[in-house]
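# A closer look at the structure
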Amino acid sequence: MVHTSPRITSMIRLRTHDDGFWVPEGGMDMALGGYANRVARVDLTSGTVTYEEINEQDARLYIGARGLGVKYLLDNGATVDPDGPDNMLAFMNGPLTGSEATMSGRMAIVTKSPLTGTVSDSHIGGWSAARMRWAGFDALLFTGRAESPVYAYVEDGKVELRPATDVWGKGVHDTVPHFQDRYGDDVSVMAIGQAGENRVRFASIINEHDRAAGRGGMGAVAGGKNLKAVVIKASDDTMPKVEDRDAWRPVHQRALGVILDSEVTAPKAGGLSLYGTNVLMNPVNALGGIGTRNSQTTQFDGAEKISGETVRETMLVGDPTCHACPVACKIEVEVKDGPHAGVHMESLEYEPAWSLGANCDVDDPRVLAKLIDQCNDYGMDAIEIGNAISMYMEATQNEYVTGGGIVWGDTDTMVATVDQIALREGVGDLLADGTARAAEQIGHPELAMTVKGQAVAAYDPRAMKGEAIGYATSNRGACHLRGYTPASELLGIPVKTDPLEWKGKGELLKIFQDLHSFSDSLDLCKFSAFAQGAEEYASQYSVIVGEEMTADDVMVAGERIYNLERHFNNLAGFDGKDDTLPKRYLEEPGTGPAAGSVVELDEMKAEYYAARGWDDGVVPESKLRELQIVQ
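Treat the numbers as computed from the prediction; the structure is a model and nothing was measured.

### Digging into the overall build of the protein
Secondary structure assignment for the protein yields 25 helices and 21 strands. Taking the principal axes of its C-alpha atoms as reference, the protein extends roughly 65 × 55 × 45 Å. Counting only residues that meet the buried cut, the protein has 65% of its 631 residues in that class. For the protein, the share of sequence-separated contacts (at least 6 apart) that also reach a separation of at least 24 residues comes to 70%. In the protein, 57 side chains carry a positive charge and 93 a negative one; their mean positions are 2 Å apart.

Written out as structure tokens, the structure reads:
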């Protein structure tokens, strides 16, 4: 039960440039704190922008960011064509975004994915989310298609559509400085590159710090709408502050304190802070969890060469951070020698180091920096593209393709193929439709390591059974972040579980999925969950939003959001038959420490569905009513 506290609500005041209150059109009647209470609906077809307040009941039920974004998508229609103008592209903040809360610099971009056909959200870090909040918005909702390329300019509670023909055809790394030169340093630019313009199905939206809304094809949807960029001008002068410092201080100190004390997140000491996400390469490989050569084996002999430790020792030049984040997990690198000398990029993350590295039999981090930099500039999901290339490499190995193909570890051809994919030229046009569609076209769908059309991430499910059921049941296609069970299986957070044991993993996954659904809706960085939990999330929400929330309330809200997504997908035609895995994981045993292990999918699905209260992957009406999704 959530209880209103007028005293807490009054703690939040919005500061503006003129030291007064910024008031949305129609007044500021919302009882909840934390929100800007302003949403822009942008019809790209007509070029019109209208403004509205947030539906307060929806905010209570779905919080914001991911959860509220999915509600907007559902209201827009679950059966819309993801490639068509009626599809919505929602840039969503949560009630904690851009505030003093630790790690509150995240934004959810939500759409119906052209890659999977499911609802999908992808989160972007840096300063874009904070600046959108400081500019006075909780959400920007784009529908329609502009007649010619445009960008959205956001400042002081207003959105304007302006011509973007002068940057159409440019990469992100040229587009960002173009707008920075025009509007000054206090801007954030979220842009697509040529991949989005050419509607590569896994195109991403990238901002000025190479942070990516990477998965699900957000950039392809933007490209289909002729939306080149969202440019936000705002400074932290307008950052929302909690005026009752006595109420905020202990809550903030506890939430920050656990981050500072964690062996994972402690600044300049924890593994994530020192080595970035690529700190995971060696320990996951030690479990036999690094899929190699398109997951034909599960250990990579070259893991140490591409690990976070090696990258820090040989390539590190900086460790930038995001709004309100002391962890600074981004590892800025520079290639100092070899054919790609001079490449300077952020950041050599674990996931693309695996997908373009181990999975393609590449053990040179200098080449990986080049490939990831290409993906950032073109605006493409580096996880999907690595899987697509490794699939094509295995097809070449098995002589399923003619006319050359790509052999394992051929980095020169990989670099050229990334160019071809972004521009939809040659074999790139085939791979640009994603791993699953490309494998189908080749005539060997079994080579695609995908779920619901989206490629798997850097944890082989034969070695980590929580990820097995996690990939299968993820609402956005294969994904490690919907419910990050490696926290338990690998790091012992909150408890250590045996990675090779399937029993109990369905129940464990549900807990992680529900918790992450809530934090993604606040919107706090996913890495906060290495140290914070439902108690910390509840207390921060209670003070900032002004409604008292308990840890149990957090889990119910997260469950509601996850079921809302599943309900959307059910309406779009998905059910239990789509909660599956590639046959390789079910029939071909892992290697190394995972030798002999395959995934017990049927047993895990039964356990998981029982925990969820679903009927073969479908949310029954009784569950929808219980969670107040339908009345």
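### Brief notes about the pattern of salt bridges
Here the idea is simple: oppositely charged side chains can pair when their charged atoms come close. For the structure on display, the rule yields 46 salt bridges. A salt bridge links Glu 547 to Arg 60; the shortest N-O distance between them is 2.7 Å. Residue Glu 547 is located in strand E21 (residues 547-548), and its partner Arg 60 is located in helix H2 (residues 56-62); the two are separated by 487 residues in the primary sequence. Overall, the relative accessible area of 25% leaves Arg 60 in the partly exposed class. For the salt bridge of Arg 249 with Asp 246, the shortest nitrogen-to-oxygen distance reads 3.2 Å. A residue pair is termed a helical-turn pair when its members lie 3 or 4 positions apart in one helix, as Arg 249 and Asp 246 do in helix H8 (residues 245-261) at 3 residues. Connected through shared salt-bridge partners, Arg 66, Asp 121, Arg 482, Asp 520, Lys 526 and Glu 565 make up one network.

### Digging into the packing of aromatic side chains
Tallied over the full model, the rule gives 14 aromatic pairs. Here the aromatic rings of Tyr 151 and Phe 179 are separated by 4.5 Å at their centres, their planes lie at 55°, and the arrangement is tilted. One end of the pair, Tyr 151, is in strand E9 (residues 150-155); the other, Phe 179, is in helix H5 (residues 172-183), and 28 residues separate them in sequence. Taking the relative accessible area as the measure of exposure, Tyr 151 reaches 1% and is therefore buried. Between Tyr 562 and Trp 614 the ring centres are 6.5 Å apart and the planes differ by 10°, which places this aromatic pair in the stacked class. One end of the pair, Tyr 562, is in helix H22 (residues 551-571); the other, Trp 614, is in the loop between helix H24 (601-612) and helix H25 (621-626), and 52 residues separate them in sequence. Residue class for Tyr 562 comes out buried when judged on its relative accessible area of 0%. Through successive ring pairs, a cluster of aromatic residues spans Tyr 350, Tyr 459, Tyr 484, Phe 527 and Phe 530. Note that Arg 38 overlies the ring of Tyr 51, its terminal NZ or CZ placed 3.9 Å from the centroid. The ring of Trp 168 has Lys 228 sitting right over it, with the charged end atom 5.9 Å from the ring centre.

What counts as what
Residues numbered from 1 in each chain as written. Predicted model: local features only at pLDDT ≥ 70, side-chain atom pairs only at ≥ 80, totals over all residues. Heavy atoms only, no water. Helix = DSSP H or I, 4+ residues; strand = E, 2+ residues; numbered from the N terminus. Buried < 20%, exposed > 50% of the residue type's maximum accessible area, 1.4 Å probe, protein only. Contact = heavy atoms within 4.5 Å. Lys, Arg positive; Asp, Glu negative; His and termini not counted. Charge placed at Lys NZ, Arg CZ, Asp CG, Glu CD. Salt bridge = Lys/Arg side-chain N within 4 Å of Asp/Glu carboxyl O. Phe/Tyr/Trp six-rings, centres within 6.5 Å; stacked < 30°, edge-to-face > 60°. Lys NZ or Arg CZ within 6 Å of the ring centre and 35° of its normal.

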